[in-house]
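Residues per chain, in single letters:
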Amino acid sequence: MKTIIIVLLSIKAAYLIEKNSTNHINLISNGDQYDPKEFPYVVTIKLYIEVEKISYLTCTGSLVRKTFVLTAAHCVFKRSLSLIEVYAGPAYDNYNYHRVKKGYMNKGYNPNNTHIVSDIALLKLKTPFPQVKKYIEIGGHPDEFANDKAVDCTCIGFGRINEEGDMGVEGRRMDTKVKHGETACKGNPERGWREYLCSATGTRTMTCTGDSGGPMICNGKLYGITSFYKNFTQGKMSCGGDNMQTVHVFLHYHLKWINNILNRKEGSEDDKKKKKKKKKKNSGNSVKPHLTMYTILSILSILFCKVY
């Protein structure tokens, strides 16, 4: 069910952007404007739909290292790296974007699964943002949520600002209480609850489309990233509406995968193996051009030119 929700949201986002491709779509619904100076590591990710770069989707991400951006897998799934642009802070009136050198998708992510899991990806930038000197550290542990305890967190994103789908140009933030555990996400029990952080319900302030991949900051550290939202009564899906709950990827669950990539050195054994395999694949019995063949082709070429 939730997979269908994300797909529908993406289609809607594309339609809205095509109508007005100069504006951002989808800031945090009913949230407050955030201060880029306080959160310099928050980035906008533009995902262009076509090579001409007219219409695009928007996601949010966080710089966890100089050149590494953490975001949601569904944002970049099967997208060409050449059509992705990353901006420090809001992208509106900002022409200082950086290109992506390499993308890392968690192998557990599959958009066709009934339950969304492993919705996490890392983007390695070609160059760092010189003006960004502060990056966010990953934190959080299940013990902090023991005995149904709620933790105070802040979410930031560049998504829808209200239920009507009005668009804005600045990023938004929201403060929320977050829980982790088998019953933290309302509605039907989630199979993947161990990798979820679920925000408090009973409020119209929530993350929406465009906020995907955005940070959930708790105790000054990055605990989670925005993944999806749902109506836990199986009612109308409406951002900022009644009975809605946002679900975030708990980074603690994927810490080993994240650190393996962040700590991988250029030219490491993994990279060498990949290059070796690639080389092996291309080094079959190559066809070497024969001198006689070149001579025949040259003669035919001359004859052809004389005839015409």
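Chains are numbered independently. Their residues run from 1 in the order of the written sequence. Per-residue local features of the predicted model are confined to residues with pLDDT of at least 70, and side-chain atom pairs are confined, for both listing and counting, to 80 or more; whole-chain, interface and lining totals are unaffected and use all residues. With hydrogens and water set aside, each side-chain value is computed from the structure's full complement of heavy atoms.

A.B. asks: Sorry if this is basic, but what is going on with the nonpolar core here?
C.D. replies: In a soluble, globular protein the nonpolar side chains are often hidden away together inside. Residue types Ala, Val, Leu, Ile, Met, Phe, Trp, Tyr and Cys, when buried and joined through side-chain atoms within 4.5 Å, form a set referred to as a nonpolar core. Each residue is placed in one exposure class: buried if its accessible area under a 1.4 Å probe, protein chains only, is under 20% of its type's maximum, exposed if it is over 50%, and partly exposed if it falls in between. Core analysis: the largest hydrophobic core is formed by 50 residues, its most contacted members being Val-64, Leu-70 and Leu-122. Note on contacts: a residue pair is in contact if any heavy atoms of the two residues lie within 4.5 Å. Excluding its chain neighbours within four sequence positions, the residues that come into contact with Val-64 are Leu-70, Leu-122, Tyr-135, Ile-136, Ile-138, Leu-222 and Leu-262. Of all hydrophobic cores here, the second largest spans 11 residues; its members include Cys-155, Leu-197, Met-216 and Cys-218.

A.B. asks: How do you make sense of the pattern of salt bridges when you look at a structure like this?
C.D. replies: Any two side chains of opposite charge can pair, so long as their charged atoms come close to each other. Salt-bridge detection follows one rule: a side-chain nitrogen of Lys or Arg within 4 Å of a carboxyl oxygen of Asp or Glu. In this structure the tally under the stated criterion is seven salt bridges. Of the charged contacts in the structure, one is a salt bridge between Glu-85 and Arg-99, with a shortest N-O distance of 3.9 Å. Placement of the pair is Glu-85 in strand β5 (residues 84-88) and Arg-99 in the loop between β6 (97-98) and β7 (100-105), with a sequence separation of 14 residues. Look at Glu-85 and you get buried, because its relative accessible area is 3%. Across the pair Lys-177 and Asp-152 runs a salt bridge, and its minimum N-O distance is 2.6 Å. Taken together, the positions of Lys-177 in strand β10 (residues 172-179) and Asp-152 in strand β9 (residues 151-157) put the pair 25 residues apart, joining distant regions of the chain. Judged by its relative accessible area of 45%, Lys-177 is partly exposed. Asp-152 gets classed as exposed once you look at its relative accessible area, which sits at 52%. Put simply, DSSP marks the helices as runs of H or I at least four residues long and the strands as runs of E at least two long, and each gets a number from the N terminus on.

A.B. asks: Please explain the state of the cysteines as it appears in this structure.
C.D. replies: A covalent bond between the sulfur atoms of two cysteines is referred to as a disulfide. Note that a disulfide, as used here, is simply two cysteine sulfur atoms within 2.5 Å. A full pass over the atoms with the stated rule returns two disulfides. Two residues, Cys-59 and Cys-75, share a disulfide whose sulfurs are 2.1 Å apart. Its S-S torsion of approximately -90° makes the covalent link between Cys-59 and Cys-75 left-handed. Here the residue Cys-59 occupies a position in strand β3 (residues 56-65), and Cys-75 occupies one in helix α2 (residues 73-76), the gap between them amounting to 16 residues. Here Cys-153 engages in a disulfide with Cys-218; their sulfurs sit 2.0 Å apart. Handedness of the Cys-153-Cys-218 disulfide follows from its S-S torsion of about 105°: it is right-handed.

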